[in-house]
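Here is how the chains run, residue by residue.
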Amino acid sequence: MFALLYDAIDVVPQITPATEIVVTQKKEEKPKPVTKVDGDVVIVKAKIISRPFAQVKMNRLDIYTNPAAKADALLAVSDLQFSTNNNNDADISLRGGSPRLTRIYFNDIPIYEAVRGTSVLQTTRSFSIFNTSTVRDVETYATAAPAYFNNNAGGAVRILPDDSGVKETSLQANFAKSTFVYSRPFKDSSKGFIQTYIDYSNLAPLLVVNPDLKSLVEKSQGVSIGVNTLFRPKDGTEFRLYVIGDTENSRHPYDLYDDSNKLSDKKSRNYNLFSFEQSLGSARVKLDVAKTFTDEKIYIGGNNYRNQNQYDYLDLNLAGRLQDKKLSYRIGLGYENFDLESGNGVQSIKRNADYLSYYGFMTWNPNSKFTLGAGYRDYLQNDLHISNSAHLNLSFNIPNSRQNIILAFGRYGAVVLPIRSAQETIDTVRSDQVSLDYKLTMGDNKFTIGVYHKNDTIAGETTKINGVDATITASFNKLELDGVFARSLPYQMIGGEKQNGNEKVDYLIKLKAKYSLAGFQNINLIYTGMSGAYYSKPVSFDEINGPIYGLKNQYQLKDYNSLDFSYIKSFKVRSLKTDPIFYLNVNNLFNTKNQAGVQFNSDYSDYKNRYYVSRTIVMGTLIQF
């Protein structure tokens with residue numbers, strides 16, 4: 001199987017870590033491939049119905065080999081040109097929209113609270129809960145996502161689970177994290193497989209080597225255990241179970257005005273996803289059921305807080321093809337229930353919301369050049385008054401070339417959950433969007449550019465967003481170069497005044513260079529330049545009502561700049577099935593002091609800056625047995 005290598009800094013916030021992922025092939029007999037028969041083909045075809053409208057499609061190998069992804073599916077998306085995160089974390093902002101509007105789906109089931117780290121301190125939110133060994137593909141719909149995604153506001157990250165069933169036993173270890181993966185097909189490999197993994201992280205060794213990291217985290221450890229199993233009792237019948245148990249325990253400096261005031265966070269998550277698929281002639285029916293529990297205990301300055309949330313999910317849909325397979329469709333019913341509770345030991349607040357919706361999505365593909373997609377969603381039960389959703393997508397491949405154009409329009413309604421706790425309300429959003437994407441592919445060289453406009457209305461407040469993003473990739477023998485540019489300009493009109501939106505990015509530039517040396521050695525350089533995040537200052541302070549603000553987001557942090565370096569080398573060892581790997585990573589090579597945010601004092605008369613990680617050195621090896 002694959003040997004992978006990634007940076008161990010689970011809690012260090014940085015937009016482009018310099019870690020290189022190394023992929024090697026085991027010297028062992030390959031397992032027999034699973035043969036797809038007619039019923040299974042129907043199921044597979046139903047899964048790729050919307051793929052022509054995904055602006056970017058990645059497989060597991062793409063995630064492993066992207067140095068900025070650190071072998072994490074969400075960080076791989078965060079590295080795309082559509083991701084306009086201005087706070088350098090794994091909470092994805094797609095094309096200037098709030099991260100609260102981006103939905104993450106695993107096997108088309110929405111996953112909530114998918115980013116590790118405390119909900120109170122944004123600079124800790126650097127990784128997702130997904131183990132990439134369980135991932136097959138990732139599709140990103142930056143705008144106008146298909147209507148069959150439940151509770152979607154127009155931006156979606158769709159993770160499809162691994163179903164290869166390939167035999168694998170691997171152990172990965174570095175300064176702060178160890179991962180064991182065990183996967184076995186059933187005796188009859190066509191019947192499915194079972195895959196398990198265990199992640200254990202502890203930053204203590206890393207903090208010894210890099211003591212400056214203690215300005216961000218004093219301790220952090222966690223355990224994640226997952227099971228991904230697929231069972232095919234007969235042709236055209238599939239059962240899938242995906243279970244994750246995840247725990248975190250960390251302590252961070254919190255109050256810049258009082259060093260003794262620490263933030264401690266203990267969080268546990270439990271995800272239980274079950275799917276059943278059955279082919280019915282040229283169609284297939286699918287049932288998805290999921291139950292999620294999260295429990296977060298926060299300790300700040302002698303005060304205790306607890307957030308206990310539960311998410312229930314049910315979806316039943318039918319998908320198939322008509323008109324000699326030129327017309328594909330997916331129709332279904334979706335239900336979700338949100339139970340949120342937050343307390344401080346004295347009192348608690350509960351929030352509850354649910355909905356029942358019906359939806360339809362279709363694609364028409366008359367030839368290899370043109371695909372039309374359309375979708376609609378409305379509600380049978382809708383106490384929150386969620387707006388209905390409708391969209392139209394066109395994908396066109398220009399004849400006799402490697403060019404593709406995607407034009408998308410959409411209007412969406414969805415539930416918007418609180419950022420931190422149930423002390424905030426459960427809101428709804430209405431989002432209107434239009435986008436145009438162009439892609440040119442010439443061998444290993446590629447150029448893409450996209451423009452978009454969005455109107456997002458949350459709790460009666462409308463944000464208008466205009467933006468452009470582009471990428472260019474070029475290969476020259478042993479040298480690979482990648483460039484990314486993005487500009488996203490959200491704004492609001494309040495009282496006749498134009499005010500900056502929260503996710504404004506004046507510019508975002510990423511430049512990557514990878515040079516391959518003889519003897520399986522790689523050198524990587526990644527530069528990131530980004531405009532500073534915007535923030536608000538109060539114009540006055542009232543002892544009863546607290547800070548009083550004027551215009552929003554009129555102040556800006558300094559621009560972000562970082563250069564990251566990595567060196568990778570493998571060694572030949574005859575007694576091992578795979579070659580050991582040595583790696584050296586230097587993040588923030590020039591030790592740039594990048595501002596992460598501001599903290600005001602108690603009466604808002606003064607403030608201090610928070611900063612991202614200083615120069616960090618990581619060395620390690622990887623051995624597979």
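Here the structure is a predicted model, which means the values were calculated and not measured.

What follows concerns the overall build of the chain. Looking only at helices and strands, the chain has four helices and 34 strands in total. The globule rule puts the C-alpha radius of gyration for 625 residues at 25 Å, and the 24 Å found for the chain is close to it. Dimensions along the principal axes, computed over C-alpha positions, put the chain at roughly 70 × 65 × 50 Å. The buried share of the chain, taken over its 625 residues, is 54%. Contacts in the chain between residues far apart in sequence, at least 24 positions, make up 62% of those at least 6 positions apart. For the chain, the accessible area works out to roughly 25900 Å², and carbon and sulfur atoms hold 56% of it. Here the chain contributes 72 positive and 64 negative side-chain charges, whose respective centroids are spaced 6 Å apart.

So, on to the sheet that holds strand S1 (residues 56-59). One open sheet holds the five strands; their spatial order is S1-S4-S5-S2-S3, and the pairing between them is mixed. Every interior strand has two partners, whereas the edge strands, S1 and strand S3 (109-110), have only one. Relative to S3, strand S2 (residues 102-106) runs antiparallel, the two sharing two bridges. Among the inter-strand pairings, Phe-106 is bridged to a residue of S3, identified as Ile-109.

With the rule as written, the count across this model stands at 25 salt bridges. Put simply, Arg-100 and Asp-427 hold a salt bridge, and the shortest N to O gap is 3.7 Å. Separated by 327 residues along the polypeptide, Arg-100 in the loop between helix H3 (73-78) and S2 and Asp-427 in strand S19 (residues 427-442) bring together distant segments of the chain. A salt bridge links Lys-267 to Glu-113, with the nearest nitrogen and oxygen atoms 2.9 Å apart. Taken together, the positions of Lys-267 in strand S11 (residues 262-280) and Glu-113 in the loop between S3 and strand S4 (135-141) put the pair 154 residues apart, joining distant regions of the chain. Given the relative accessible area of 21%, Glu-113 is considered partly exposed. One network of salt bridges, with partners in common, ties together Asp-108, Glu-139, Arg-158 and Arg-330.

What follows concerns a nonpolar patch on the surface. On the surface, a nonpolar cluster with roughly 570 Å² of combined accessible area is contributed by Leu-171, Phe-180, Tyr-182, Ile-198, Tyr-200, Val-223 and Ile-225. For the nonpolar patch, the secondary structure elements donating two or more residues are strand S7 (177-185), strand S8 (192-202) and strand S9 (219-231). Note on placement: Val-223 falls in strand S9.

Per-residue confidence for the chain gives a mean pLDDT of 85; residues scoring 70 or more make up 91%. Note that residues 1-37 has pLDDT below 50 and, in this model, 165 contacts with residues that lie over four places away or in other chains.

Take the nonpolar core next. A general tendency of soluble globular proteins is for nonpolar side chains to be buried together. Formed by 36 residues in total, the largest nonpolar core has its most connected members in Phe-130, Val-138, Ile-159 and Leu-273. Mapped by element, the contributors of at least two residues to this core are S1, H3, S2, S4, strand S5 (155-161), strand S10 (237-253) and S11. Excluding residues within four positions of it along the chain, Phe-130 makes contact with Asp-72, Leu-74, Ile-104, Phe-106, Ile-111, Ala-114, Ile-159 and Tyr-242. Listed in part, the 13 residues of the second largest apolar core include Ala-176, Leu-213, Ile-568 and Val-613.

For the rest of this paragraph, the subject is the packing of aromatic side chains. Scanning the model with the defined rule gives 21 aromatic pairs in all. Look at Tyr-112 and Tyr-311: their rings are 5.0 Å apart centre to centre, the planes differ by 20 degrees, and that puts the pair in the stacked class. Taken as a pair, Tyr-112 in the loop between S3 and S4 and Tyr-311 in strand S13 (residues 303-322) lie far apart in primary sequence, 199 residues in all. Both residues of the pair, Tyr-112 and Tyr-311, belong to the buried class. Consider the rings of Phe-239 and Phe-274, whose centres lie 6.4 Å apart with planes at 35 degrees: the pair is tilted. Placement of the pair is Phe-239 in strand S10 and Phe-274 in strand S11, with a sequence separation of 35 residues. Here Phe-239 falls in the partly exposed class, since its relative accessible area comes to 29%. Judged by its relative accessible area of 32%, Phe-274 falls in the partly exposed class. Following the ring pairs from residue to residue traces out a cluster consisting of Tyr-535, Phe-541, Tyr-555, Phe-600, Tyr-604 and Tyr-607. The positively charged end of Arg-330 is found above the aromatic ring belonging to Tyr-148, 4.1 Å away from the centroid. Above the face of the Tyr-611 ring, Lys-593 is positioned so that its terminal group lies 4.6 Å from the ring centre.

Basis of the calculations
- Residues numbered from 1 in each chain as written.
- Predicted model: local features only at pLDDT ≥ 70, side-chain atom pairs only at ≥ 80, totals over all residues.
- Heavy atoms only, no water.
- Helix = DSSP H or I, 4+ residues; strand = E, 2+ residues; numbered from the N terminus.
- Rg over C-alpha atoms; globule rule 2.2 N^0.38 Å.
- Buried < 20%, exposed > 50% of the residue type's maximum accessible area, 1.4 Å probe, protein only.
- Contact = heavy atoms within 4.5 Å.
- Areas by Shrake-Rupley, 256 points an atom, 1.4 Å probe, with all protein chains shown as cover.
- Lys, Arg positive; Asp, Glu negative; His and termini not counted.
- Charge placed at Lys NZ, Arg CZ, Asp CG, Glu CD.
- Pairing = 2+ DSSP bridges.
- Salt bridge = Lys/Arg side-chain N within 4 Å of Asp/Glu carboxyl O.
- Patch = residues over 30% accessible without salt bridge, like charges linked within 9 Å, V, L, I, M, F, W, Y side chains within 5 Å.
- pLDDT = per-residue confidence, 0-100.
- Core = buried A, V, L, I, M, F, W, Y, C linked by side-chain atoms within 4.5 Å.
- Phe/Tyr/Trp six-rings, centres within 6.5 Å; stacked < 30°, edge-to-face > 60°.
- Lys NZ or Arg CZ within 6 Å of the ring centre and 35° of its normal.

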